[in-house]
Structures are given as structure tokens and as C-alpha cells.
Amino acid sequence: MHNDFEVSLLIPLYNEQETFPTLISRLKSVLDSFKVKTEVVLINDGSKDATPQLMEELALADKRFQCVFLSRNHGHQYALSAGMFHCRATKAVMVLDGDLQDPPELVNEFYNLIQQGNDVVYAIRKKRKEGVIKRLLYWTYYRIMRNISSINIPLDSGDFCMMSRRVLDHINAMPERNRYIRGMRSWVGFKQVGYEYERSEREAGESKYSFKMLWRLAYSGIFNFSEFPIKFITRLGLITVIFAIIYLGDTVYKKIFEPEVMIPGFTMTVFLITLFCGVQLLSLGVIGEYVLRIYDQVKQRPIFVTDKIIKDKQSSNC
Ligand code: UDP
Ligand code: MG
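Residues numbered from 1 in each chain as written. Chains lettered and ligands numbered in written order. Predicted model: local features only at pLDDT ≥ 70, side-chain atom pairs only at ≥ 80, totals over all residues. Heavy atoms only, no water.

Digging into the overall build of the chain
For the chain, the helix and strand inventory stands at 10 helices and 9 strands. For the chain, whose C-alpha radius of gyration is 25 Å, the value lies well above the compact-globule estimate of 20 Å for 318 residues. Dimensions of the chain, computed from C-alpha atoms along their principal axes, come out at roughly 90 × 40 × 35 Å. For the chain, the residues scored as buried account for 47% of the 318 residues in total. (Helix = DSSP H or I, 4+ residues; strand = E, 2+ residues; numbered from the N terminus. Rg over C-alpha atoms; globule rule 2.2 N^0.38 Å. Buried < 20%, exposed > 50% of the residue type's maximum accessible area, 1.4 Å probe, protein only.)

Some remarks on the coordination of the magnesium ion (ligand 2)
Within the protein, the atoms that donate to the magnesium ion (ligand 2) are Asp 99 (OD) and Gln 101 (OE1), at distances of 1.9 to 2.0 Å. Gln 101 shares its class with Asp 99; the two are buried. (Donors = N, O, S within 2.8 Å, 3.2 Å for Na, K, Ca; no water.)

Topic: the sheet that holds strand E3 (residues 65-70)
The strand order across the open sheet built from 9 strands is E7-E5-E6-E4-E1-E2-E3-E8-E9, with neighbouring strands paired in mixed fashion. In this open sheet, the two strands that pair with only one neighbour each are strand E7 (192-197) and strand E9 (314-317). Between one strand and the next, the sheet's axes are offset by a mean angle of 20 degrees, whatever the strand orientation. The sheet contact formed by strand E8 (residues 306-311) and E9 spans 4 bridges and is antiparallel. Considered in E9, the bridge of Lys 308 is made with Asn 317. Sheet strands in contact with helix H2 (residues 51-61) are strand E1 (7-13), strand E2 (38-44), E3, E8 and E9, and its direction is about 145 degrees off that of E3. Sheet strands in contact with helix H4 (residues 107-115) are E1, strand E4 (92-95), strand E5 (120-125), strand E6 (157-164) and E7, and its direction is about 55 degrees off that of E6. (Pairing = 2+ DSSP bridges. Axes fitted to C-alpha atoms, helices over the stretch in contact; angles between N-to-C directions. Contact = heavy atoms within 4.5 Å.)

Description of the packing of aromatic side chains
A complete count under the given rule lists 14 aromatic pairs for this structure. An angle of 40 degrees between the planes, with centres 5.7 Å apart, marks the rings of Trp 215 and Tyr 219 as tilted. Of the two residues, Trp 215 and Tyr 219 both sit in helix H8 (residues 211-225), 4 residues apart, roughly one turn of that helix. Between Tyr 219 and Phe 223, the aromatic rings sit 5.2 Å apart at their centres with planes inclined by 50 degrees, giving tilted as the arrangement. Taken together, the residues Tyr 219 and Phe 223, both in helix H8 and 4 residues apart, mark about one turn of the helix. Judged by relative accessible area, which is 11%, Phe 223 ranks as buried. An aromatic cluster of three or more residues is present, and its members are Phe 211, Trp 215, Tyr 219, Phe 223 and Tyr 290. In this arrangement the basic side chain of Arg 166 is found over the ring face of Phe 190, its NZ or CZ atom lying 3.8 Å from the centre. The side chain of Lys 308 reaches across the aromatic face of Phe 69, ending 5.1 Å from its centre. (Phe/Tyr/Trp six-rings, centres within 6.5 Å; stacked < 30°, edge-to-face > 60°. Lys NZ or Arg CZ within 6 Å of the ring centre and 35° of its normal.)

Remarks on the side chain of Asn 178
Secondary-structure assignment places Asn 178 in the loop between helix H6 (165-172) and helix H7 (181-188). Classification of Asn 178 by relative accessible area gives buried; the value is 16%. Separated by 3.0 Å, the side chains of Asn 178 and Ser 220 make a polar contact. For Asn 178, the contacting residues outside a window of four places in its chain are Tyr 78, Ser 220, Asn 224, Arg 293 and Asp 296. (Polar contact = N/O pair within 3.5 Å; in protein donor to acceptor, adjacent residues only side chain to side chain.)

Focus: the pattern of salt bridges
If the charged atoms of two oppositely charged side chains come close together, the side chains can form a pair. Enumeration over the complete set of coordinates arrives at 19 salt bridges. Put simply, Arg 88 and Glu 39 hold a salt bridge, and the shortest N to O gap is 3.0 Å. Here Arg 88, found in the loop between helix H3 (76-86) and E4, pairs with Glu 39, found in strand E2; they are 49 residues apart in sequence, far enough to count as distant. Residue Arg 88 shares its accessibility class with Glu 39, and that shared class is buried. Two residues, Arg 143 and Asp 156, come together in a salt bridge whose shortest N-O distance is 3.1 Å. Here the residue Arg 143 occupies a position in helix H5 (residues 132-148), and Asp 156 occupies one in the loop between H5 and E6, the gap between them amounting to 13 residues. Relative accessible area serves as the criterion here: at 21%, Arg 143 is assigned to the partly exposed category. (Salt bridge = Lys/Arg side-chain N within 4 Å of Asp/Glu carboxyl O.)

Given below as C-alpha cells:
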């Protein structure tokens, strides 16, 4: 084998020039003190700032860094997937964010747990240092997911984790286009263990996850790992039919036995039409989400496109 890295650290970067110097200096001290042969795989997810240039200089000077450049901004989950495909670790990979919210210094603790026979060490956020609304949304989302998901996705854990090589190989072999990595990781199974940590604030710069992107990620989690929405609309349909029958029975009864009672007309009709139109559109939307995923899957496009790779201080175009 042309390399003998035991561990890879995978870090997707999108416009992270502000955090880059601190990130690299912390990574270098981790690499110096960690006694296991480790590479860092940085993935440039189509950054428009100085991130790619900084990465290039670094990878050409230090062969512990492998840099993968994607052809455009594909999104965090896809950048991560690229890192998972290109990394060379033989034992384990650690996945972390580039803004230092996930401390790379934990590599030691995580690797010890992997060596003790665990296949996944996932980080659980003890305390988040984000705004109240974002925290509340995350909290609610994870609890909804826990209740409706067909697999057991741990509460308050994101992508920050370490996985054994075999878990990585299983995820890489999954042909699904729509990637929700923390879900795929849970799906694989084996022995998975949580590790509590305090999530710090972003080192510098702004969050690269827009509200729209977070929403899309949340959707992926729900529609990729739960049959609840589609089953729910069947139940909703059933409830509405029962409701309509009861209402019809009540109206007929009043017409026959209480002809003096005025049956509310126009307002009720408009209300019912609006309500059921809404229910139908909502149901179509839910079905549409699943159809979209099938459409995405049958197109069979690659998950990401790589522009070039710099490894072992050498650059090669893809
Ligand atoms: N990121 C990426 N592509 C994107 C958006 C984000 O590679 O389209 C990277 C980003 O550079 C960071 C990580 O994903 O290293 C997590 O993003 P961020 O910290 O902005 O997300 P948040 O912590 O706010 O959820
Ligand atoms: Mg962050």
C-alpha cells in the first residue's frame, strides 16, 4: 500500500478563509501530539474566497494534508461524501466542521473508543452556544426525528464523529444520491457509542448553512429515514372521511327530525372546501417529496464532481 495512514480527519470547507489559519495551527498541533499516523483531508466545496489558494499552498508543503477540490458548491453532506470517498485511512475516519465548533483535539479520545471495539463514536452536544431560536428548532427537530424515524438516530448528535473503516466502506457503498450522513451512519449499525462534549461557538466568520439549507437537511432526514409522513396522510384521509360521514349523518338527521333548525350554509361550505383542498395539497406535497427522491435516484448522477486533488504534495486533475 502506498500509504499507511491509520486515521483520516475529514473537514469540508466553504468560504472559511477567516477560520483557516486557526484551524490549521490547531490541526498541526493535534497531528504532532497524536501518536497515530494521521492524514487530514480538506474538501473545498466550491469556495469563492481565498480558501482554495490557502489549501493548495498547505497541501503542496505538508503531505499530512490531502486536499480535494470539488467542481462547485455541492453542499456540506456532499463535500463530506467526497472526503469519505477520497480518504486513505485504514482504521478510522473522524468527521468534523471547519469552523472549530467540533474540537479536533478529541481525536485521541475517539480513537481510544474505536480501539476498544466500537465502530462509531458520535458526539453528543451537551450545550449549544447558538441563538435561542436555533437551539429550540434543533431540540424539537431531533425529538420529532426520534419518534418518526425508522432507525434510531441519536438525540442531539450531528455529523461530528469517528467511524471505523468498515462503517465508512458500508456508507460509501450505499448508492443513495440524497445523503443524510448521520442517518446513514446510524443505519449501518454495529456498536455505536455517544461522547458528550460542549459545542463551542464558530471560530470566525458566519455560518455557511443558510436557513434554506438547514431546512433541506431536515427534510432529507425525515423523508429519507421515515415512512411516517406518507402513512400519516393515509390516516388523515381516513379521519376526514369519518368526519364527513358524521357531518352528513348529522345534517340528514336535522333535515328529517328538526326541520326548524337552520343548517349553516355558505360559510360552512367555504370552510370545508378550503380545509379539504388544503389537506389534499398537503398530501400531494408529501407524496411529491418521495417522488422527488425517486426521480433524483433514477437519474443516477454522481454524488459530487471532483476538479482536482493534491496529495503527497502532488496535484492531479480529475
Ligand atoms: N460547508 C460546506 N458546504 C456548504 C456549507 C457548509 O462544506 O455548502 C462546511 C462549512 O465550511 C463548515 C461545515 O460545513 O466547515 C459546517 O458549516 P457551518 O459551520 O456553517 O454550519 P453550522 O455549524 O452553522 O450549522
Ligand atoms: Mg458551524
